[in-house]
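Each chain, letter by letter, is given below.
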Amino acid sequence: MEPPSARARRGSIPWNGLLLAVSLVTFWNLPTTVQLTIESVPFNAAEGTDVLLLVHNVTEDLLGYRWYRGESVEENQLIATLRIDVSTNATGPAHSGRETIYPNGSLLFQTVTQNDTGYYTLLATRNDLQTESVTGQLHVYPVLPKPVITSNNSNPKELEDTVVLTCGPETPNTSHVWWINNQSLPNSTRLELSEDNRTLTLFHVTRNDTGPYMCETRNPVSVSRSDPFTLNVIYPVAQPSIEASNTTVTEHENTVVLTCCTNDTGISICWFFNGQRLLLTERMKLSPDNSTLTINPVRREDAGDYQCEVSNPGNSSKSDPLRLDVKFDSTQGSSSGLSGGAIAGIVIAVLAGIALTKALVYFLYLRKTAGASDQRDLMEHKSSDHTQSEGHSDNSPNKIDEVAYSALNFNAQESKKPTSASPSATETVYSEVKNK
């Protein structure tokens, strides 16, 4: 016959094991008290929007709520209170006029600002006057403005200058990302970012560092990217050359296209003709970047030496001259060679010459007519004096020798040649006749 202890071990549960099992079942089935929690909706709020601090696990045995600013219950930080049984609420000293408390204990913020960021504490009171407190957090971020890139040197010299690019404005809780040529920054010993990635330093810039650069700012509620920023790296420019569609052309028949060839970028181009800056005519046309000059049609005055000059803010270089020869028919007048102003000048000169000739002829005519009239008056005057002299000579008691002047006109015939002592054909000779 087996001892009782042996039977218990074989067919029944020991008392100590049974007590442990009952204790575990009792522990897991005890009623639990669910704690209040606070959720911010949305979790990250943009400045100017509305935010709700939503209360979870609210029970029916609550008497009222009290909201405080901060992590502790202090009356000078009281925002608002709500008495559930009588549906009354009141505001506290920390109320800004934008907070509203709801019957479920949630607190609404309207048009939040960055100053609203922080901790908020809810104190709930049950019907048995027991209280429970819980703290939540409100996150408010600004909507980021469009960033702007600034540089300490916008025209650095190649291999000499160091450039610092800054992404602004500076805003809290903001991360910065840089882009070059629409790609992330390459790994280079000449590129260095600050700790907050807000500044980018380029050591000993080269012409390949011109960009464009962009910076991007980010926070939990917004992303913004700057406009492209380009560095104007100054470097020596190589001498350009000119390519011509033809260097020997015929007047009025051919078109010439001259192209300024250069491998440099970020440069400006200008043209020269016979050592002087080219003055465009209505027959000349430049491409938008000034690299191509078209002359259509070519005229003889277009013949000469052409040069192009490339330049950047620090350097310039001019091509060797290219000679353009224009063939033309020398037997034909080049009316096209005279400008409208030159033709008008010639016409005015001819008309002025004609008018001057007419005036001179008229002047000579008047002078000749006036001379003949004076001669007749003189002859008549002398003749009158002579007559009076003869009348008084016989009666005068004292006779005085008188000299009378006679005017003789000699009109020579064309067939007779005058002698050396003879007067000319149109001369008037005055002879002295002494009366005795």
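Definitions and limits used
- Residues numbered from 1 in each chain as written.
- Predicted model: local features only at pLDDT ≥ 70, side-chain atom pairs only at ≥ 80, totals over all residues.
- Heavy atoms only, no water.
- Helix = DSSP H or I, 4+ residues; strand = E, 2+ residues; numbered from the N terminus.
- Buried < 20%, exposed > 50% of the residue type's maximum accessible area, 1.4 Å probe, protein only.
- Contact = heavy atoms within 4.5 Å.
- Areas by Shrake-Rupley, 256 points an atom, 1.4 Å probe, with all protein chains shown as cover.
- Polar contact = N/O pair within 3.5 Å; in protein donor to acceptor, adjacent residues only side chain to side chain.
- Phe/Tyr/Trp six-rings, centres within 6.5 Å; stacked < 30°, edge-to-face > 60°.
- Core = buried A, V, L, I, M, F, W, Y, C linked by side-chain atoms within 4.5 Å.
- Pairing = 2+ DSSP bridges.
- Axes fitted to C-alpha atoms, helices over the stretch in contact; angles between N-to-C directions.
- Salt bridge = Lys/Arg side-chain N within 4 Å of Asp/Glu carboxyl O.
- pLDDT = per-residue confidence, 0-100.
- Patch = residues over 30% accessible without salt bridge, like charges linked within 9 Å, V, L, I, M, F, W, Y side chains within 5 Å.

(A) Geometry of the overall build of the chain. In terms of helices and strands, the chain carries three helices and 30 strands. A total of 436 residues make up the chain; the buried ones form 28% of that total. Taking all contacts inside the chain whose residues are at least 6 apart in sequence as the whole, residues at least 24 apart take part in 56%. Summed over its atoms, the accessible surface of the chain is roughly 28500 Å², and 53% of this surface lies on carbon and sulfur atoms.

(B) Focus on the environment of Arg69. Mapped onto the elements, Arg69 comes out in strand E4 (residues 62–69). For Arg69, a relative accessible area of 30% translates into the label partly exposed. Residues Arg69 and Thr121 lie 52 residues apart in sequence; the distance between their C-alpha atoms is 6.3 Å. Among all residues touching Arg69, those that are not within four sequence positions of it are Gln77, Ile79, Asn115, Asp116, Thr117, Tyr119 and Tyr120. Here the side chain of Arg69 touches Tyr120 through a polar contact of 2.6 Å, side chain to side chain.

(C) How the structure looks around the packing of aromatic side chains. Within the structure shown, the criterion is met by two aromatic pairs. A centroid spacing of 4.8 Å and a plane angle of 45° characterise the contact between Phe273 and Tyr306, whose relative ring orientation is tilted. Here Tyr306 lies in strand E26 (residues 304–311) and Phe273 lies in strand E22 (residues 268–273), a separation of 33 residues in the sequence.

(D) Geometry of the nonpolar core. In this structure, Leu53 and Trp67 are the most contacted members of the largest nonpolar core, which totals 22 residues. Looking at this core, the elements with two or more residues in it are strand E3 (51–56), E4, strand E5 (78–83), strand E8 (107–109), strand E9 (118–126) and strand E10 (131–141). The residues contacting Leu53, other than those within four sequence positions of it, are Ile38, Glu39, Ser40, Trp67, Ser106, Leu107, Phe109, Tyr120, Gln137 and Leu138. Formed by 21 residues, the second largest nonpolar core is a distinct cluster that contains Tyr235, Val237, Trp271 and Cys308.

(E) View of the sheet that holds E3. Strand order in the open sheet formed by four strands is E1-E3-E8-E7, with antiparallel pairing between adjacent strands. Among the strands making up the open sheet, the edge pair consists of strand E1 (37–41) and strand E7 (99–101). For this sheet, the mean angle separating the axes of adjacent strands, direction not counted, is 20°. Strand direction decides the pairing type here: E7 and E8, joined by three bridges, are antiparallel. Among the inter-strand pairings, Thr100 is bridged to a residue of E8, identified as Leu108.

(F) Fine view of unusual backbone geometry. At the junction of Val41 and Pro42, the peptide bond is cis and its omega measures out at 0° in the coordinates. Examined against the element boundaries, Pro42 turns out to sit in the loop between E1 and strand E2 (44–46). One non-glycine residue, Asn274, lies in positive phi territory at about 55°. Along the polypeptide, Asn274 turns up in the loop between E22 and strand E23 (276–277). Here Asn274 falls in the partly exposed class, since its relative accessible area comes to 42%.

(G) Summary view of the environment of Ser317. Mapping Ser317 onto the fold places it in strand E27 (residues 316–318). The sequence separation of Ser317 and Val237 amounts to 80 residues, and the corresponding C-alpha distance is 6.5 Å. Excluding its chain neighbours within four sequence positions, the residues that come into contact with Ser317 are Val237, Ala238, Gln239, Pro240, Cys308, Glu309 and Val310.

(H) Spatial organisation of the pattern of salt bridges. One pass over the full model with this rule turns up 15 salt bridges. A salt bridge links Glu170 to Arg198, with the shortest nitrogen-to-oxygen separation between them at 3.9 Å. Note that Glu170 is positioned in the loop between strand E12 (163–168) and strand E13 (175–180) and Arg198 in the loop between strand E15 (191–193) and strand E16 (199–202), a separation of 28 residues in sequence. According to the relative accessible area criterion, Glu170 is exposed, its value standing at 60%. A salt bridge links Arg323 to Asp305; the shortest N-O distance between them is 3.6 Å.

(I) Summary view of the environment of Asn312. Relative to the assigned elements, Asn312 resides in the loop between E26 and E27. The exposure class of Asn312 is buried, given its relative accessible area of 11%. Leave out the neighbours within four places in its chain, and Asn312 touches Ile234, Tyr235, Val237, Gly266 and Ile267.

(J) Broad picture of the confidence of the model for the chain. Summarising the model, the chain shows a mean pLDDT of 80, and 74% of its residues fall at 70 or more. For residues 1–32, every residue scores under 50 in pLDDT, and the model assigns this stretch four contacts once sequence neighbours within four places are set aside. Taken together, the stretch residues 386–436 has pLDDT below 50 and engages in 44 contacts with residues farther than four places along the chain or on a different chain.

(K) Quick peek at a nonpolar patch on the surface. A cluster of nonpolar side chains, namely Ile346, Val350, Leu351 and Ile354, defines an oily patch on the protein surface of about 370 Å² accessible area. Relative to the elements of secondary structure, Ile346 occurs in helix H3 (residues 340–393).

(L) Structural context of the sheet that holds E15. In spatial order, the strands read E11-E12-E16-E15; together these four strands make up an open sheet with antiparallel pairing. Looking at the sheet topology across the chains shown, the edges are occupied by strand E11 (148–151) and E15. Adjacent strand axes in the sheet meet at a mean angle of 20°, parallel and antiparallel pairs treated alike. Here four bridges tie E12 to E16, and the two strands are oriented antiparallel to one another. Note on E16: the bridge partner recorded for Val164 is Thr201.

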